[in-house]
Amino acid sequence: MRKYIAELIGTFVLTAFGCGTAVAANSIFLSMNAAIPVAFTTLLIAFAFGLSVAAMAYSIGNISGCHINPAVSVGMLAAGRMSVKDCVGYVVAQCVGALSAALFLWMIFGSRDSLGQNGYGEASTLGLGAGSILILEIVMTFVFVLVVLAVTDRTEFTSAAGLVIGLTLTLIHIFGIPFDGTSVNPARSFGPAIVVGGDALAQLPVFIIAPLIGGVLAALVYRLLFTEAGNPAEEPDTDAEDVRGDDSEVEPDEADAAADGEDAAEEEEREER
């Protein structure tokens with residue numbers, strides 16, 4: 001249960017601070033009757049998402065692994081590094097956390113018209129359609145989940161894993177925000193879309209299906225590159241007893257042989273007497 005609660009909290013923080021920064025940044029410029037500088041707000045939002053992941057990785061990572069993203073959990077499942085039961089529990093907790101964050105933002109900003117929801121078509125800054133956004137989200141999620149799987153694959157990367165994953169998410173947001181606000185996370189899209197409703201809810205399936213496909217593809221590539229290329233986890237373990245097996249077996253045998261010889265000599269002496 002602790003790991004599910006950790007995932008709920010982590011996803012809440014990611015959605016609240018990431019989407020909250022998007023709403024706040026845009027609201028500031030609208031209140032000033034100034035044009036919204038997309039390049040500037042893109043950097044703010046990207047770092048908000050990236051730093052949120054990094055912060056959660058170093059706080060709840062040792063409890064749940066800090067997936068805080070159904071695409072990551074499904075990728076872990078497809079990679080053979082997670083059970084079905086845990087995957088379902090993680091996804092439910094993540095969606096609840098994201099929905100709670102969206103309700104929190106609604107309460108803070110006093111409006112649910114804009115809560116950092118994703119969108120395409122008229123909701124896209126660059127006006128991309130559903131097909132283009134579907135492909136874009138698959139590719140971006142593939143990159144993100146592959147990095148997560150790879151950097152958490154070896155213990156020597158543990159200390160830097162949170163920073164690497166956070167910076168990767170920042171990079172992906174810098175690239176993707178002008179297209180669709182960047183999802184790569186079905187839970188992060190689910191929460192705001194449910195609260196906002198309307199077009200955001202109607203377009204939600206794209207931002208659920210595409211990241212999940214990207215996560216599974218990343219898992220397949222991970223298994224191909226890491227499992228079959230000599231991943232230490234797949235190599236047979238060398239037990240300490242096996243290493244010194246020859247010595248441990250020879251010495252008892254020699255001792256037994258010597259004992260048998262002494263017994264035979266004593267019996268012969270008794271018979272002569």
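Residues numbered from 1 in each chain as written. Predicted model: local features only at pLDDT ≥ 70, side-chain atom pairs only at ≥ 80, totals over all residues. Heavy atoms only, no water.

1. Remarks on the packing of aromatic side chains
Across all of its chains, the model carries five aromatic pairs by this definition. Taking 5.9 Å as the distance between ring centres and 85° as the angle between the ring planes, the aromatic pair formed by Tyr 4 and Tyr 90 counts as edge-to-face. Of this pair, Tyr 4 sits in helix α1 (residues 2-31) while Tyr 90 sits in helix α4 (residues 84-109), and the two are 86 residues apart along the sequence. With respect to class, Tyr 4 is no different from Tyr 90; both count as buried. The interplanar angle of 35° and the centroid separation of 6.3 Å between the aromatic rings of Tyr 120 and Phe 207 together place this pair among those described as tilted. On the criterion of sequence distance, the pair formed by Tyr 120 in the loop between α4 and α5 (130-151) and Phe 207 in helix α9 (residues 204-227) is long-range, its members being 87 residues apart. On the basis of relative accessibility, which here comes to 17%, the residue Tyr 120 falls in the buried class. Positioned above the aromatic ring of Trp 106, the side-chain terminus of Arg 112 is 5.6 Å from the ring centre. (Phe/Tyr/Trp six-rings, centres within 6.5 Å; stacked < 30°, edge-to-face > 60°. Helix = DSSP H or I, 4+ residues; strand = E, 2+ residues; numbered from the N terminus. Buried < 20%, exposed > 50% of the residue type's maximum accessible area, 1.4 Å probe, protein only. Lys NZ or Arg CZ within 6 Å of the ring centre and 35° of its normal.)

2. Some points on the UniProt feature "transmembrane region" (unreviewed entry) in the chain
Per the UniProt record, "transmembrane region" (unreviewed entry) is annotated on residues 34-58, 87-109, 129-151, 160-180 and 200-222. Overall, residues 87-109 shows 100% helix and 0% strand. The separation of its end C-alpha atoms is 33 Å. In residues 129-151, the share of helix is 96% and the share of strand is 0%. The end C-alpha atoms are 33 Å apart. (UniProt positions renumbered as here; feature names shortened; annotations may be inferred.)

3. Some remarks on a nonpolar patch on the surface
On the surface, a nonpolar cluster with roughly 710 Å² of combined accessible area is contributed by Leu 134, Ile 135, Val 139, Val 143, Ile 209, Ile 213, Val 216, Leu 217 and Leu 220. Put simply, the parts of the chain that give the nonpolar patch at least two residues each are α5 and α9. A total of five residues in the nonpolar patch trace back to one element, the largest contributor, which is α9. Positionally, Leu 134 belongs in helix α5. With a relative accessible area of 31%, Leu 134 lands in the partly exposed category. (Patch = residues over 30% accessible without salt bridge, like charges linked within 9 Å, V, L, I, M, F, W, Y side chains within 5 Å. Areas by Shrake-Rupley, 256 points an atom, 1.4 Å probe, with all protein chains shown as cover. Salt bridge = Lys/Arg side-chain N within 4 Å of Asp/Glu carboxyl O.)

4. A word on the packing of α5 against α9
Where α5 contacts α9, the axes come no closer than 7 Å and their chain directions differ by 40°. Here α5 lies oblique to α9, going by the angle between them. Helix-helix and strand crossings are classified by hand; for α5 and α9 the assignment is right-handed. For the contact of α5 with α9, a count of residues per class yields 20 nonpolar, three polar and one charged. (Axes fitted to C-alpha atoms, helices over the stretch in contact; angles between N-to-C directions. Parallel < 35°, antiparallel > 145°, perpendicular 65-115°, else oblique. Left-handed = near helix turned anticlockwise from the far one by under 90°. Nonpolar A, V, L, I, M, F, W, Y, C, P; charged D, E, K, R; others polar.)

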